[in-house]
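Now for the letters of each chain:
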Amino acid sequence: MTLVMKALLLLTVLFVEFAKADNASPCTYRHLNELELNQVDNCINFQAWLKRPNGSDALIAKQVAITATYDKGSLSYLYSKHGLFYFNRSGTARRTINYDNGPDYFQEGLARTSWREKIGFFDKQLNIIIPPIFDFAFPFKNGYSLVCNGCRKSPDGEYNELVGGYWGVILRSGEIAIPIKFTNSGAVAALNKLKAGP
């Protein structure tokens, strides 16, 4: 059996699993190059993946996966009551955070994911690269991401400000470059010192 045939068989099994499950939720997505978003019932299912843990956060209905508009990286996104998700043509989905009224941008090849109120990072193939273990993480810039644990959102006009907690810096590999033990300004100062070199 060729690799393509195996992939098609797996997709068929997964979509049948989706169809049998009765807890699919509605979603809104961009349909075949339309400017308007399209809302459909029975769009995204979380229970179907519990039986097949492949790292995906949910399964997207076949009709959505087939009719969605995709970017150059073969990803699309949808809104559901469970959050905002990137998904690919096979129906695999990864939860992302809402940024600037849409899905988080990919910075240096990674976007942020959210799971149980923790932040991590995934790549354009929807693989988790850095597990969601931080209370917050900024996008990567020049190979570094400023992260915190114990910080919390505090309303600041139209937006939220992050206050308190312990801050540090990670690399794209997930390795800690600056220990998560500083104030926000202390971590930024340590990062600037690190960038400046010896």
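Here we summarise the structure given alongside this text. (Residues numbered from 1 in each chain as written. Predicted model: local features only at pLDDT ≥ 70, side-chain atom pairs only at ≥ 80, totals over all residues. Heavy atoms only, no water.)

Description of helix α4 (residues 184-196)
With 13 residues, α4 should reach 18 Å at 1.5 Å per residue; the first-to-last C-alpha distance of 19 Å fits that figure. Listing the buried residues of α4 in full gives G186, A187 and L191. Around the axis of α4, the buried residues are gathered within 135° of arc, so they sit on the same side. Away from the buried face of α4 by more than 90 degrees, exposed residues S185, K193 and A196 are located. (Helix = DSSP H or I, 4+ residues; strand = E, 2+ residues; numbered from the N terminus. Expected span 1.5 Å × (residues − 1). Buried < 20%, exposed > 50% of the residue type's maximum accessible area, 1.4 Å probe, protein only. Arc of directions from axis to C-beta.)

Observations concerning the side chain of S76
Here S76 lies in strand β4 (residues 76-80). Separated by 2.8 Å, the side chain of S76 and the backbone oxygen of T69 make a polar contact. Those residues in contact with S76, other than ones at most four positions away along the chain, are A68, T69, Y70, F85, Y86 and F87. (Polar contact = N/O pair within 3.5 Å; in protein donor to acceptor, adjacent residues only side chain to side chain. Contact = heavy atoms within 4.5 Å.)

A look at the pairing of β4
Alternating positions in β4 separate cleanly, S76, L78 and S80 being buried on one face and Y77 and Y79 remaining unburied on the opposite face. By the bridge criterion, 3 bridges tie strand β1 (residues 25-30) to β4 in an arrangement that is antiparallel. Paired with C27 across the bridge in β4 is S80. Joining the antiparallel neighbours β4 and strand β5 (residues 83-87) is a turn of 2 residues. (Pairing = 2+ DSSP bridges.)

None of the figures reported here should be taken as evidence of function without further support.
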